[in-house]
Amino acid sequence: MTSELPYINPFDDGRSPAGATAGMDEASSMIDAVFRFERAVTRIGNTRLRPWKMTLSSYTALRILANQPHLSLAQLSRRCYARPQTMTRIVTQLENRGFVARDAHPESERALSLQVTEAGMTALGEMSDEVLKISDTLNTMLGRDDIVAADRRLREAALAVENELRDMDRRED
């Protein structure tokens with residue numbers, strides 16, 4: 001039997017009295033929780049993908065390509081929220097393993113089209129059985145309605161913050 005992980009206050013350096021508050025408002029606490037959740041999902045995803053010598057980032061790129069063939073490297077990079085340099089490295093690794101192939105893009109003379117190979121589809125099916133256990137955990141813990149509501153609100157919040165960032169970038173120009 002495992003015990004629950006304790007809440008780790010990001011502002012506590014270990015010298016504060018037990019139960020001291022960090023002075024975080026609810027939004028700051030949520031940001032901390034989202035960051036902790038993202039890190040936990042990445043760690044368990046990478047651990048579950050270790051038998052295939054894959055990372056969650058590589059798996060995500062492969063899964064996106066399987067659902068949306070003929071993406072360019074730039075399009076895949078945007079969908080994976082990764083820098084183009086990082087996506088180039090990931091795609092090269094997937095290509096070297098025979099999971100992805102590059103061809104001429106059907107809509108552009110300059111871009112290359114990325115597609116998942118048959119070997120990539122086979123590996124993706126095997127990996128998905130392990131990785132999607134994360135979804136099972138969330139479904140068990142939160143239920144569909146809570147997940148749908150949280151997903152919608154977090155995406156709205158992300159869009160608001162991204163718009164704020166764009167506004168800041170415009171002011172700097």
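How each quantity is defined
Note on numbering: residues in each chain are counted from 1, in written sequence order. Totals for whole chains, interfaces and linings use all residues, but because this is a predicted model, local features are given only for residues with pLDDT of at least 70 and pairs of side-chain atoms are given and counted only at 80 or more. Calculation of side-chain values draws on the structure's entire complement of heavy atoms; hydrogens and water are dropped beforehand. Summary of the metric used: pLDDT quantifies the predictor's per-residue confidence within the range 0 to 100. The numbering of helices and of strands both runs from the N terminus, where a helix is a DSSP run of H or I of at least 4 residues and a strand a run of E of at least 2. Axes, fitted as lines to C-alpha atoms, cover a helix only where it is in contact. Angles between the N-to-C directions of the axes lie from 0 to 180 degrees. When an angle is under 35 degrees it counts as roughly parallel; over 145 it counts as roughly antiparallel; between 65 and 115 it counts as roughly perpendicular; any other value is oblique. Any two residues whose heavy atoms approach within 4.5 Å are treated as being in contact. For this classification, Asp, Glu, Lys and Arg are treated as charged, while Ala, Val, Leu, Ile, Met, Phe, Trp, Tyr, Cys and Pro are nonpolar and the rest, including Gly, are polar. The term nonpolar core refers to a set of buried residues drawn from Ala, Val, Leu, Ile, Met, Phe, Trp, Tyr and Cys, joined through side-chain atoms within 4.5 Å. Each residue's exposure class comes from its accessible area (1.4 Å probe, protein chains only) as a fraction of the maximum for that residue type: buried when under 20%, exposed when over 50%, partly exposed otherwise.

Trainee: Explain the confidence of the model for the chain residue by residue, including any values.
Mentor: Detailed reading of the predicted coordinates is not advisable wherever pLDDT is low. Overall, the predicted model of the chain reaches an average pLDDT of 85, with 86% of residues at or above 70. For the chain, strand 1 (residues 100-104) is the element with the lowest average pLDDT, namely 88, and helix 2 (residues 56-67) is the one with the highest, namely 95.

Trainee: Account for the packing of helix 2 against helix 4 (residues 84-96), naming residues and giving values.
Mentor: Where helix 2 meets helix 4, the closest approach of the two axes is 10 Å, and the angle between their N-to-C directions is 75°. Classified by the angle between their axes, helix 2 and helix 4 sit roughly perpendicular to one another. For the pair formed by helix 2 and helix 4, the contact residues are Ser 57, Ser 58, Ala 61 and Leu 62 on the first element and Met 87, Ile 90, Gln 93 and Leu 94 on the second. Split by residue class, the contact of helix 2 with helix 4 holds five nonpolar, three polar and no charged.

Trainee: Explain the packing of helix 6 (residues 133-142) against helix 7 (residues 144-172) to me, and be specific about the residues and the numbers.
Mentor: One can describe the packing of helix 6 onto helix 7 by two numbers: an axis separation of 7 Å at closest approach and a directional angle of 110°. Accordingly, the angle class assigned to the pair helix 6 and helix 7 is roughly perpendicular. On helix 7, the residues that touch Leu 138, Asn 139 and Leu 142 of helix 6 are Arg 144, Asp 146 and Ile 147. The residue inventory of the contact of helix 6 with helix 7, partitioned by class, reads three nonpolar, one polar and two charged.

Trainee: Explain the nonpolar core to me, using residue names and the numbers behind them.
Mentor: Leu 49, Met 54, Leu 62, Leu 76, Val 100 and Met 127 are the most contacted members of the largest nonpolar core, which totals 25 residues. Put simply, the parts of the chain that give this core at least two residues each are helix 2, helix 4, strand 2 (112-116) and helix 5 (118-131). Take this core: its biggest share by element is six residues, from helix 2. Residues contacting Leu 62, with those up to four places away along its chain left out, are Met 54, Leu 94, Phe 99, Val 100, Val 116, Gly 120, Leu 124 and Met 127.

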